[in-house]
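Commentary on secondary and tertiary structure
Okay, here's what each chain looks like letter by letter:
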Amino acid sequence: MKKSEIRAKKLKSLEAESLFSNLLSDSERKHLHSDEGAFDTSEEPTSVFIHSSDDDQLDYKDFLDSLLDPVTGTVRDFRVDDRALPAAKNYYDFCFNIIGKDAHPPWSRQFFIAASFLGEICPHCSNKKYLDIHNIPKDFPTLDLKSKKRLVLLENGVCPVCGRTKHELISSGAMLNYNQGVYVLGQRSGKSSTAASIAAYTLHRYMKYPMLAELSPYMQKSTQLTGIFCSLTFKKALEVLWTPFKNIVDNSQWFQDYFQLLEDYRIKTGTKLLYNSTTKLAIGNKNLYCFPTGPTASTLRGNTSFMCFLDELGLFPPGTNEEVDDDVNRRASPDEAYTSLLNSLATVTSTVDKLRSEGYNSAPPAYMLSVSSPISNRDKIMRLLKQSQTDTSIYGVQLPTWEVNPTLERESNLIASAFKANPVRALRDFGAQPTDASMAFFDAKLVSKLFTGSPATHQLIQRSDEYETWGELKRLSAIQYPSIMSLDAGFTNNSFSVSVLYYDFNRNQSVLACSLECMPIQGKTINFNKMYSNVLLPLAKDLNVCYVCADRWNSIDLLHRLREDMGLAPNKKPYTRADFYTLKRSDFDAVKASFSNHSVIFPFLQKNDIENTLNKAVDDYRTEFMGKPLEHLLLQFSTVVDIGPMLCPDKAPGLTDDILRTVVLGLTKIHSEKVINRLTEFRSYLKDAQAIAMPMPVVSGRSFGQLFY
């Protein structure tokens, strides 16, 4: 034995005595200090004298070896002596040997996407056929996948056949270094059980591995490493992610044996190292802390994580990116939740990568796994799936239920019935296909070609104080036609939206003069009185509004006030008529048909604005479309979905349809016989007024100045 090795082992032995003296017997302690038992540190290597004739005599070599972790070569932490508990060589070993019968093993394709994401399949030694998931039958026995004829799995980060380490495989480009997983899977495909199994495996590895801070100078020993299980709400996270994970942990003999060691330590020393409740799991000797949470901004930030799970990311509500004084309970948007969790992994990820490069091949991974059914091509999970095609740090997979679950086929009663009841929704839920491609009510590309008219006549500038928000009107141009106004008067959650349309009798086209929107922000309510005096009445006068309509009864006061304040027409009747109308499915169908006939024109939008609106991801529409009502209108036309026959289209999850409904309402009424007759009648009033400049209360026109004052 070399002198340096002898000295190192001697020092480790003495360190072990100082740290764990209460664990050593008198004979062991005596042997450490005896001349016969000590290593000779002279220039020439010498042998170790082992006295094994006496039954009480210590086998020094075995004892010394037992002080060291066999995988890392580091001194064990003997506060909790877990030598009797085996460490999994890989995910397969964990599933079938460590956990064994205490939990259901993963299906073959579940196992494949887990082992691929974790980077445990040797690409050189495995059968190339089995590196394609579609060549693995979904009912193939997972137990038989591990084979030189099929998949060769790394053991403690090293291939048992070719000897290549994980670091070497990554450095050579043969294996990608994933730190994110994106599973877009249908319902009943085992999304939650797969995530739970991977989480339990990762926790197991960190429990058996030396603390990273003891191997790396880049981490503090006091740093707590968190495992975060996040879903739409805390309740969802608890039920869908956390409970399956805890079931594995609490029902596994291996974990229970480990927890007993921690309890024994508490009894012996009075120091509690385990906290295991229905909502928390803390392993004190490894400084690990796992918990479920909803997407609360303050909870997701500031952690140093070793694993993060995001469930149903595609369904996450938009949240808000606004700066607020009280950030404790603010819901994070999908992108903010994702970014916060990903950033929390940075320290551990870089540390693990560095350790692998230094020869610690079995260093456990740090990662984030997002599992979800898709809703829209714009939702976060689908954006991540698309990103995985070019980002080598993301492992992405998209599979329908019947390609993962061996107990369900496309023709199974459950799935067949779902398709019969609602084929589009079934394709989303079981086929893992987003809804906006298959459920979109309007043709977004067709609608985008309608934004070619004159610029909008007015702009709304949003104002607010401590409690309320409202708008101020800015006039940009006018029109030479009478018009109609449609309202959707939101108050707290929905926007206050208004659209004004007129009929171009020369071109036989319905034209949108402008759409305006006042969005509730930071929990503030909309001030209806200021919206009326600052926006509705001036807008009605500017654009000769002779008819106003709403589909909500909370607008009744606004309608009555407009009718009174707009005065009388030359026929001695109210200039502006007010009405209510509830939209029907047939109204949306008629508007959709009018788009195909190019009988509708919207205000002009730049090509770049159209492309960005149709293609970019939408995190928080309240901030991204503030002051951009036309772009927001186009977004709504591109995202509202068909929810079934005889039903009006509905807004997409996380988005809204307030402006769109005012436009559809206006287009519906402008083509009714009574309204078109009224527009024709009032057009003659405007022509007469232009000729004689009658000083009556109405509006102004672009080509004829002030009218009816």
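**Side note on the overall build of the protein chain**
Helix and strand content of the protein chain: 26 helices and 19 strands. Going through the 709 residues of the protein chain one by one, you find that 54% of them count as buried. In the protein chain, the share of contacts with a sequence separation of at least 24, taken over all contacts with a separation of at least 6, comes to 71%. Of the roughly 31,200 Å² that the protein chain leaves accessible, carbon and sulfur atoms contribute 49%.

**A word on the confidence of the model for the protein chain**
Summary statistics for the protein chain give a mean pLDDT of 85 and a share of 84% for residues scoring 70 or more. Taken together, the stretch residues 27-57 has pLDDT below 50 and engages in 46 contacts with residues farther than four places along the chain or on a different chain. In the model, residues 320-326 has pLDDT below 50 throughout and makes 18 contacts with residues more than four positions away in sequence or in other chains.

**Considering the packing of helix α24 (residues 629-639) against helix α25 (residues 658-670)**
Between α24 and α25, the shortest axis-to-axis distance is 8 Å and the interhelical angle comes to 85°. What the angle tells us is that α24 and α25 run roughly perpendicular. Contacts from P629, H632, L633, Q636 and F637 of α24 reach α25 at D658, I659, L660 and V663. Looking at the contact of α24 with α25, its residues break down into six nonpolar, two polar and one charged.

**A look at the pattern of salt bridges**
All told, the structure shown has 17 salt bridges when counted by the stated rule. A salt bridge links E409 to K138; the nearest nitrogen and oxygen atoms lie 3.2 Å apart. Remark: K138 occurs in the loop between α5 (108-118) and α6 (166-171) and E409 occurs in the loop between β8 (394-399) and α15 (413-421); sequence separation between them is 271 residues. The exposure class of E409 is partly exposed, given its relative accessible area of 38%. In this structure, a network of salt bridges that share partners links the residues D335, K380 and R383.

**Focus: the nonpolar core**
In this structure, Y183, L203 and F245 are the most contacted members of the largest nonpolar core, which totals 100 residues. Take this core: its biggest share by element is nine residues, from helix α7 (residues 191-208). Look past the residues within four positions of Y183 in its chain and what remains in contact with it is I113, A114, F117, T194, I198, L369, S370, V371, S372, Y395 and V397. Listed in part, the 76 residues of the second largest apolar core include I479, V511, I670 and L679.

**Some words on the sheet that holds strand β14 (residues 525-526)**
Read across the sheet, three strands follow the order β9-β10-β14 without closing on themselves; strand pairing throughout is mixed. A strand with exactly one partner marks an edge of an open sheet, and here the two such strands are β9 (458-464) and β14. Sheet analysis places strand β10 (residues 468-475) next to β14, joined by two bridges and oriented parallel. Looking at the pairing, E468 lines up with T525 of β14. Packing against the sheet, helix α19 (residues 528-542) makes contact with β9, β10 and β14, and its axis sits at approximately 20° to β10.

**Quick word on unusual backbone geometry**
Residues other than glycine seldom take positive phi values, yet R188 does so here, at roughly 65°. Within the element layout of this structure, R188 appears in the loop between β1 (180-185) and α7. Phi is positive for N508, which is not a glycine, with a value near 55°. Assignment of secondary structure puts N508 in the loop between β12 (496-504) and β13 (509-518).

**Describing the pairing of strand β5 (residues 288-293)**
Regular strands place their side chains on alternate faces of the sheet. Most of β5 is tucked away: six of the six residues are buried. On β5, burial covers both faces: L288, C290 and P292 on one face and Y289, F291 and T293 on the other are all buried. Across six bridges, strand β2 (residues 225-230) lies against β5 in parallel orientation. Looking at β5, one finds that L225 is bridged to L288. Relative to β5, strand β4 (residues 281-283) runs antiparallel, the two being bridged by three bridges. Bridge assignment links A282 to a residue of β5, and that residue is Y289.

**What to know about the environment of Q522**
With respect to the helices and strands, the residue Q522 is situated in the loop between β13 and β14. Taking the relative accessible area as the measure of exposure, Q522 reaches 43% and is therefore partly exposed. Remark: the alpha-carbon pair of Q522 and T469, spanning 53 residues in sequence, is separated by 9.7 Å.

**Considering the side chain of S483**
Tracing the sequence through the fold places S483 in strand β11 (residues 483-489). At 2.5 Å, the side chain of S483 and the backbone oxygen of L543 are in polar contact. Not counting the four nearest positions on each side in its chain, S483 is found in contact with V500, L501, Y502, L543, N544, V545, C546, Y547 and L679.

**Overview of the packing of helix α22 (residues 607-615) against α24**
With their axes 9 Å apart at the nearest point, α22 and α24 run at an angle of 40° to one another. The orientation of α22 relative to α24 falls into the category oblique. Once α22 is placed against α24, the crossing between them reads as right-handed. Two secondary-structure elements touch here, α22 through D609, I610, T613 and L614 and α24 through E631, L634, L635 and S638. Residue composition of the contact of α22 with α24, grouped by class: four nonpolar, two polar and two charged.

Cut-offs and rules
- Residues numbered from 1 in each chain as written.
- Predicted model: local features only at pLDDT ≥ 70, side-chain atom pairs only at ≥ 80, totals over all residues.
- Heavy atoms only, no water.
- Helix = DSSP H or I, 4+ residues; strand = E, 2+ residues; numbered from the N terminus.
- Buried < 20%, exposed > 50% of the residue type's maximum accessible area, 1.4 Å probe, protein only.
- Contact = heavy atoms within 4.5 Å.
- Areas by Shrake-Rupley, 256 points an atom, 1.4 Å probe, with all protein chains shown as cover.
- pLDDT = per-residue confidence, 0-100.
- Axes fitted to C-alpha atoms, helices over the stretch in contact; angles between N-to-C directions.
- Parallel < 35°, antiparallel > 145°, perpendicular 65-115°, else oblique.
- Nonpolar A, V, L, I, M, F, W, Y, C, P; charged D, E, K, R; others polar.
- Salt bridge = Lys/Arg side-chain N within 4 Å of Asp/Glu carboxyl O.
- Core = buried A, V, L, I, M, F, W, Y, C linked by side-chain atoms within 4.5 Å.
- Pairing = 2+ DSSP bridges.
- Polar contact = N/O pair within 3.5 Å; in protein donor to acceptor, adjacent residues only side chain to side chain.
- Left-handed = near helix turned anticlockwise from the far one by under 90°.

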